[in-house]
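Observations on chain architecture
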Amino acid sequence: MQKLNDFSRSLIALEPDGTLIAVIEMSLSSWLVAGIVPGVERQPLKKLAVDESALLKLLHRWREEAEKAGRRIERIAVAFEAGRDGFWLARWLKARSIEAHVIHAASVAVSREHRRAKTDRLDTELLKRAFLGWLRGARDHCKMVDIPTIKDEDAKRPNRERENLVSEQSRIINRMKAALIRLGIRGFNPKLKRATARLDGLRTPEDEPIPPNTLAELRRDMERRRLVRDQIRQIEEARLERLDHAPGDGPHAMVRLLARVIGVGIETADMLVHEVLSRNMRDRRAVARYAGLTGSPDESGRKRREKGLARSGNARVRRGMIQLAWRFLLHQKDSALTRWFRARTENARGTRKPMIVAMARKLLIALWRLVREGVVPDGVVLRPAQ
């Protein structure tokens, strides 16, 4: 039985005479499709416009060529690299009985030549070799990405939009403060309710009012910040409404359970559930690896060194977990994880920052077990259930 989220190899036996294999090199303007057609000696290569219907017709035409050559095609396997097009094409093909896979782009081995040739045709050859090895069951020829449903993808949008809006709000505030500092005005807080009314009364060290163009720019920035703040509030209110409307829904139940942990807010719980905890991870190592919280050793001969975090996983989860680990130390002082961290860093100078990463990794695994198995981490205090 195939393990959960184990995409390093295919466990379905490959029958070369009955399987049509195709890979797609995708770009904004065109798709280059390369195939391996049973019974046909040539390996066809076709450039298409960005059109899923034309792709389907091409696959059916190749199947007809194989059947004319005396091969009965029972399986059509298509693969392409994960990119800006997302997963819609894989879902569209699966709905039409085409086996579709999305290859993790970083898992495809490439030449290490200093100036290697790179064209779409050569890229399709690389994809074909990697995909064919994966279909044969050879481990780690390449790795596939889990294809989410459109509902799962949409559930991530509010948290990601809020993150972008919070960053934009910070940029606006910093830009306003920088404009005022250039005039010698310090101590002005643009986040106050009466900040707009106070602009007219501000004076430079030369006892001059703010120049008219700068004042107009500051007012426009105030309006932008107000709009961004209102949009953030709308996202947060809509999230709470969804949680109250369907509290027993799978992801919503996970969010409510995580939010009971003192130190974990609704925003962090929502991010963790939709980005990592709702996925069918194989084991605790897969959870830590997905968050990019594992190490990257460099060993060759007698050389042994650690290059730091792999950072190959989800950057949002990694940032959120490191921030949560610091908060966890403040709000869960009697937990086993906090005691472990203090014992490791109490008498060792310069170890708090490296050890907080290990703390974040352990905490993420503990939260994963909490939502999956209901195991409360040792010493962790929960809020009363509502």
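Computed from a prediction, not measured in an experiment: that's the story for all the values here. (Residues numbered from 1 in each chain as written. Predicted model: local features only at pLDDT ≥ 70, side-chain atom pairs only at ≥ 80, totals over all residues. Heavy atoms only, no water.)

Right, let's talk about the overall build of the chain for a bit. Scanning the chain from N- to C-terminus turns up 12 helices and seven strands. Computed over its C-alpha atoms, the radius of gyration of the chain comes to 27 Å, more than 25% above the 21 Å expected for a compact globule of 386 residues. Considering only C-alpha atoms, the chain reaches an extent of 90 × 55 × 55 Å along its principal axes. By the burial criterion, 40% of the 386 residues in the chain qualify as buried. By element, 48% of the accessible surface of the chain is carried by carbon and sulfur atoms, the whole surface being about 22,800 Å². The positive charge centre, built from 79 side chains, and the negative charge centre, built from 50, are 5 Å apart in the chain. (Helix = DSSP H or I, 4+ residues; strand = E, 2+ residues; numbered from the N terminus. Rg over C-alpha atoms; globule rule 2.2 N^0.38 Å. Buried < 20%, exposed > 50% of the residue type's maximum accessible area, 1.4 Å probe, protein only. Areas by Shrake-Rupley, 256 points an atom, 1.4 Å probe, with all protein chains shown as cover. Lys, Arg positive; Asp, Glu negative; His and termini not counted. Charge placed at Lys NZ, Arg CZ, Asp CG, Glu CD.)

Our next topic: the packing of aromatic side chains. Under the defined criterion, the tally for this structure stands at three aromatic pairs. Aromatic pair Trp31 and Trp88: ring centres 6.3 Å apart, planes at 40°, arrangement tilted. Placement of the pair is Trp31 in strand S2 (residues 30-36) and Trp88 in helix H2 (residues 88-94), with a sequence separation of 57 residues. Its relative accessible area of 30% is what places Trp88 among the partly exposed residues. Ring geometry for Trp326 versus Phe341: centroids 6.4 Å apart, planes at 80°, classification edge-to-face. One end of the pair, Trp326, is in helix H10 (residues 315-331); the other, Phe341, is in helix H11 (residues 336-345), with 15 residues separating them in the sequence. The exposure class assigned to Trp326 is partly exposed, which follows from its relative accessible area of 31%. (Phe/Tyr/Trp six-rings, centres within 6.5 Å; stacked < 30°, edge-to-face > 60°.)

Here the focus is the sheet that holds strand S3 (residues 45-49). Taken together, the five strands give an open sheet; going across it, the order is S3-S2-S1-S4-S5, and neighbouring strands pair in mixed fashion. Of all the strands in the sheet, the pair left with one neighbour each is S3 and strand S5 (99-103). Going across the sheet, the axis of each strand differs from the next one's by a mean of 25°, ignoring polarity. Packed on one face of the sheet, helix H1 (residues 52-68) meets strand S1 (19-26), S2, S3 and strand S4 (75-81) and runs near 15° to S2. (Pairing = 2+ DSSP bridges. Axes fitted to C-alpha atoms, helices over the stretch in contact; angles between N-to-C directions. Contact = heavy atoms within 4.5 Å.)

With that out of the way, let us pick up the side chain of Arg75. Turning to its location among the elements, Arg75 is positioned in strand S4. Excluding residues that lie within four positions of it along the chain, Arg75 makes contacts with Ser10, Ile12, Ala13, Leu14, Gly18, Thr19, Leu20, Glu99 and Leu135.

A large share of S2 lies buried, amounting to six of its seven residues. Where S1 meets S2, six bridges bridge the pair, whose relative direction is antiparallel. Note on S2: the bridge partner recorded for Ala22 is Gly35. Linking S1 back to S2 in an antiparallel pair, the connection comprises three residues. Of the pairings in the sheet, the one linking S2 to S3 comprises five bridges and is antiparallel in character. For Ala34, the partnering residue across the bridge sits in S3 and is Leu45.

A full pass over the atoms with the stated rule returns 24 salt bridges. For the salt bridge of Asp230 with Arg233, the shortest nitrogen-to-oxygen distance reads 3.0 Å. Remark: Arg233 and Asp230 occur in helix H6 (residues 212-245); sequence separation between them is three residues, near one turn of the helix. Given a relative accessible area of 29%, Asp230 falls into the partly exposed group. For Glu299, the salt bridge is made with Arg304, and the minimal N-O distance between the two is 3.8 Å. Classification of Arg304 by relative accessible area gives exposed; the value is 54%. Connected through salt bridges with shared partners, the residues Arg162, Glu236, Arg239, Glu267 and Asp270 form a single ionic network. (Salt bridge = Lys/Arg side-chain N within 4 Å of Asp/Glu carboxyl O.)

Now for the packing of helix H4 (residues 150-181) against H6. Two elements in contact, H4 and H6, have axes whose closest approach is 9 Å; the angle formed by their N-to-C orientations is 155°. In this view, H4 runs roughly antiparallel relative to H6, as classed from their interaxial angle. The two elements H4 and H6 meet at a crossing, and its hand is left-handed. A breakdown of the residues in the contact of H4 with H6 according to their chemical character gives 13 nonpolar, three polar and 11 charged. (Parallel < 35°, antiparallel > 145°, perpendicular 65-115°, else oblique. Left-handed = near helix turned anticlockwise from the far one by under 90°. Nonpolar A, V, L, I, M, F, W, Y, C, P; charged D, E, K, R; others polar.)

Right, let's talk about the side chain of Asp221 for a bit. Relative to the assigned elements, Asp221 resides in helix H6. A residue is classified by how much of its surface remains accessible, and Asp221, at 1% relative accessible area, is buried. A polar contact of 2.9 Å, which involves the side chain of Asp221, links it to the side chain of Arg175. A polar side-chain atom of Asp221 sits 2.6 Å from a polar atom in the side chain of Arg224. Leave out the neighbours within four places in its chain, and Asp221 touches Ile172, Arg175 and Met176. (Polar contact = N/O pair within 3.5 Å; in protein donor to acceptor, adjacent residues only side chain to side chain.)

Right, let's talk about a positive patch on the surface for a bit. Taken together, Arg284, Arg285, Arg289, Arg344, Lys362 and Arg369 make up a surface patch of like positive charges. Per-element tally for the positive patch: the top contributor is helix H9 (residues 284-290), with three residues. Mapped onto the elements, Arg285 comes out in helix H9. According to the relative accessible area criterion, Arg285 is exposed, its value standing at 52%. (Patch = residues over 30% accessible without salt bridge, like charges linked within 9 Å, V, L, I, M, F, W, Y side chains within 5 Å.)

Read these as spatial facts, not as claims about activity.
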